[in-house]
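Spelled out from the first residue to the last, the chains are:
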Amino acid sequence: MPASGQDGRVVSNCSAVINTKDAARCIGSVRPNIPIPTIDPKHIYALPELIDIAEMASPEGRIAWANAKHSLEQAGIDRALYLPILSFVAQGSDARFIVPFPAPIAPRGYVTVGEQIAAEQMELEYDLLDFGRGPKLDGSKALEIASVLRLGRVHQTLAYSTATEFYSTQRTIGELAAAKVILQTAETLLENAQLQYDNGRATLPDLQNAQAGAAEARFNLAAAEGGAKKSKLALSETIGAEPSTEIEITPQSERDLPGAFNDSVEDLIHSAWKMRPDLLARAQELRQAHDSYKIARAAYLPKASLSASGGQTNAWPSADWGQLGPASVATWSVEAKLRWEVFNGARKHEVAAAMAEQKAASEEQRATEDSVTRQVWEAYVDYQTAIEQQRSSQSFMTAAQMSYDSSLDAFKFGVRSLVDVVEAERQLAQARVTVVRSQAQLMQSAVALTYATGSLLQSGTTLPGAHP
């Protein structure tokens, strides 16, 4: 996770979890009850700030944290199986019952006895031998680590979704800026056409073509304004805040563009196998399934337990024949018990079910590895394609600008027709939009590749455009 967030919030790297100490540290560092922040229309948000808001406000993140917390506590419950249970018991009773007696002693052949008892004692229970206790704890630890890894992946997904919408919003804002420049260019061309027409050097169709070009530019500008507002709504909704068109973000800049990856696609795939939290979580779930099989096998083995109690017992007996005296004495008991189920008809089915669970977990891990490989390949191809498209768009922009400038100068001197200038203007407008879209696509494909490899939000990894 990011090193720090708003309000001094510190979030640990929940994607790099090796043992239960790392898991507990991650869970304890996340504060799930922070109030959902509101969007400040006067503040210009950078990408890290929006990711912080998404992590605080997203229900998915809070649900994943609750699941991880549950797994942490469940591991604590299973760890307590190695400890004894100590109880304090207080008992009070009053009973009356019949006791048979010979007729010479009791003419009726019986006596009635009343007994009032008050007892306080401590009771100790401890499992001396339980072969299923160890695998159960190991399985709980594996699930704890898996749930925290999934929490890390949820945060990566939130960051990826936020970054994707952030770059998409930057694109629409860039398209809006390009539409404004295109309108200025069209209006400039219209002014030149009007001047040439007034001087008799242009025809009425030429003037009308320029007017149509300016009208088209105004139409595209209105569409770009609507697109920018809709993107802002989608961005504010993605981060979990109330949808608003008032959110302001840092603009698109060429200095944000990432460079080429030096690693080969094979290296990226192997890195993903080592770093992807969801794939690592699958490995922990496979481990838990193996421990479940051990638990089922442990049912064939005996269990030994120890129980002991000690305390003070007070009794006030009375009888309708003869005299009984009260008693107040210390009482205790100790019991060691060995239990071995010689036959249980469900046992073989429990073992078979555990073996099936282990097989399913193994296949799920293999399927996840294949999916990770495909995702890295697709993201790598998209990124390489985006790099080439971005370079081509710059060349396209330079050539279109030169073509437009030359055509406009030639039109002013009466060498070229207005049709040629309008065509060059449209090509220049297309080039401006292409540059904006290719830059956004490059940043989106870069964050998609880091997300596919599992390095997103890892220490040392910087998102494109993540600086303030």
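Summarised in this report is the structure supplied together with it. Here the structure is a predicted model, which means the values were calculated and not measured.

## A few points about the packing of helix α5 (residues 204-238) against helix α9 (residues 418-453)
Line of reasoning, step 1. Running from N to C, α5 and α9 cross one another at 15°; their axes reach a closest spacing of 9 Å. Considered as vectors, α5 and α9 are oriented roughly parallel to each other. In terms of crossing hand, the pair formed by α5 and α9 is left-handed. Where α5 abuts α9, its residues Asp-206, Leu-207, Asn-209, Ala-210 and Glu-216 lie against Leu-418, Val-419, Val-422 and Arg-426.
Line of reasoning, step 2. Of the residues assigned to the contact of α5 with α9, the class counts are five nonpolar, one polar and three charged.

## Concerning the sheet that holds strand β3 (residues 110-129)
Line of reasoning, step 1. The strand order across the open sheet built from four strands is β2-β3-β5-β6, with neighbouring strands paired in antiparallel fashion. Unpaired on one side and paired on the other, β2 (85-100) and β6 (327-339) mark the two borders of the sheet. Taking the axes of each pair of neighbouring strands and ignoring which way they run, one obtains an average angle of 25° across the sheet.
Line of reasoning, step 2. Here β3 pairs with strand β5 (residues 303-319) via 16 bridges, running antiparallel. Among the inter-strand pairings, Met-122 is bridged to a residue of β5, identified as Gly-310.

## Description of the nonpolar core
Line of reasoning, step 1. Membership of the largest hydrophobic core comes to 37 residues, with the highest contact counts inside it found for Leu-50, Phe-166, Tyr-167, Ile-239, Ile-247 and Val-376.
Line of reasoning, step 2. Among the elements of the structure, α2 (47-57), α4 (133-198), α6 (265-275), α8 (347-412) and α9 are those that each provide at least two residues to this core.
Line of reasoning, step 3. In contact with Ile-239, not counting residues within four places along its chain, are Ile-39, Leu-50, Ile-53, Ala-54, Ala-57 and Thr-162.
Line of reasoning, step 4. Core analysis: the next-biggest nonpolar cluster, separate from the first, contains 30 residues, Ala-210, Ala-217, Phe-411 and Val-421 among them.

## A word on the environment of Ala-68
Line of reasoning, step 1. By the element assignment, Ala-68 lies in helix α3 (residues 59-79).
Line of reasoning, step 2. For Ala-68, a relative accessible area of 0% translates into the label buried.
Line of reasoning, step 3. Ala-68 sits 381 residues away from Leu-449 along the chain, and the two C-alpha atoms are 27 Å apart.
Line of reasoning, step 4. Contact partners of Ala-68, with chain neighbours within four places excluded, come to Ile-27, Ser-147, Val-148 and Leu-151.

## Concerning the packing of aromatic side chains
Line of reasoning, step 1. Enumeration over the complete set of coordinates arrives at three aromatic pairs.
Line of reasoning, step 2. On the basis of an interplanar angle of 70° and a centroid distance of 5.8 Å, the ring pair of Phe-166 and Tyr-167 is categorised as edge-to-face.
Line of reasoning, step 3. In this structure Phe-166 comes out as buried when scored by relative accessible area, which is 0%.
Line of reasoning, step 4. The exposure class assigned to Tyr-167 is buried, which follows from its relative accessible area of 0%.
Line of reasoning, step 5. Arranged with centres 6.4 Å apart and planes meeting at 90°, the rings of Trp-377 and Tyr-380 form a pair that is edge-to-face. Of this pair, Trp-377 and Tyr-380 both sit in helix α8, separated by three residues, roughly a single helical turn.

Rules used in this analysis
Positions within a chain are numbered from 1, following the residues in the order the chain's sequence is written. A pLDDT threshold of at least 70 governs which residues receive local features in this predicted model, and a stricter bar of 80 or more applies before side-chain atom pairs are shown or counted, although totals over entire chains, interfaces and linings include all residues. With hydrogens and water stripped out, all remaining heavy atoms of the structure feed into the side-chain values. A fitted line through C-alpha atoms serves as each axis, taken over the contacting stretch for helices, and the angle formed by two N-to-C directions is quoted from 0 to 180°. Counting from the N terminus, the helices are the DSSP runs of H or I reaching at least four residues and the strands are the DSSP runs of E reaching at least two. Here is the rule for angles: anything less than 35 degrees is roughly parallel, anything more than 145 is roughly antiparallel, 65 through 115 is roughly perpendicular, and the remaining ranges are oblique. Left-handed describes a crossing whose near helix is turned anticlockwise from the far helix by less than a right angle; the clockwise case is right-handed. By definition, residues are in contact when any of their heavy atoms lie within 4.5 Å. Note on residue classes: Ala, Val, Leu, Ile, Met, Phe, Trp, Tyr, Cys and Pro are nonpolar, Asp, Glu, Lys and Arg are charged, and everything else, Gly too, is polar. Being paired, for any two strands, means DSSP has found at least two bridges between them. Throughout, nonpolar core names a set of buried Ala, Val, Leu, Ile, Met, Phe, Trp, Tyr and Cys residues whose side chains join them through atoms within 4.5 Å. The buried label goes to any residue with under 20% of its type's maximum accessible area, the exposed label to any with over 50%, and the partly exposed label to all in between, with areas taken from a 1.4 Å probe on protein chains only. Aromatic rings from Phe, Tyr and Trp, with only the six-membered ring used for Trp, were paired whenever their centres fell within 6.5 Å, and each pair was classed as stacked if the ring planes differed by under 30 degrees, edge-to-face if by over 60, and tilted otherwise.

These results come straight from atomic positions and should not be treated as a statement about function.
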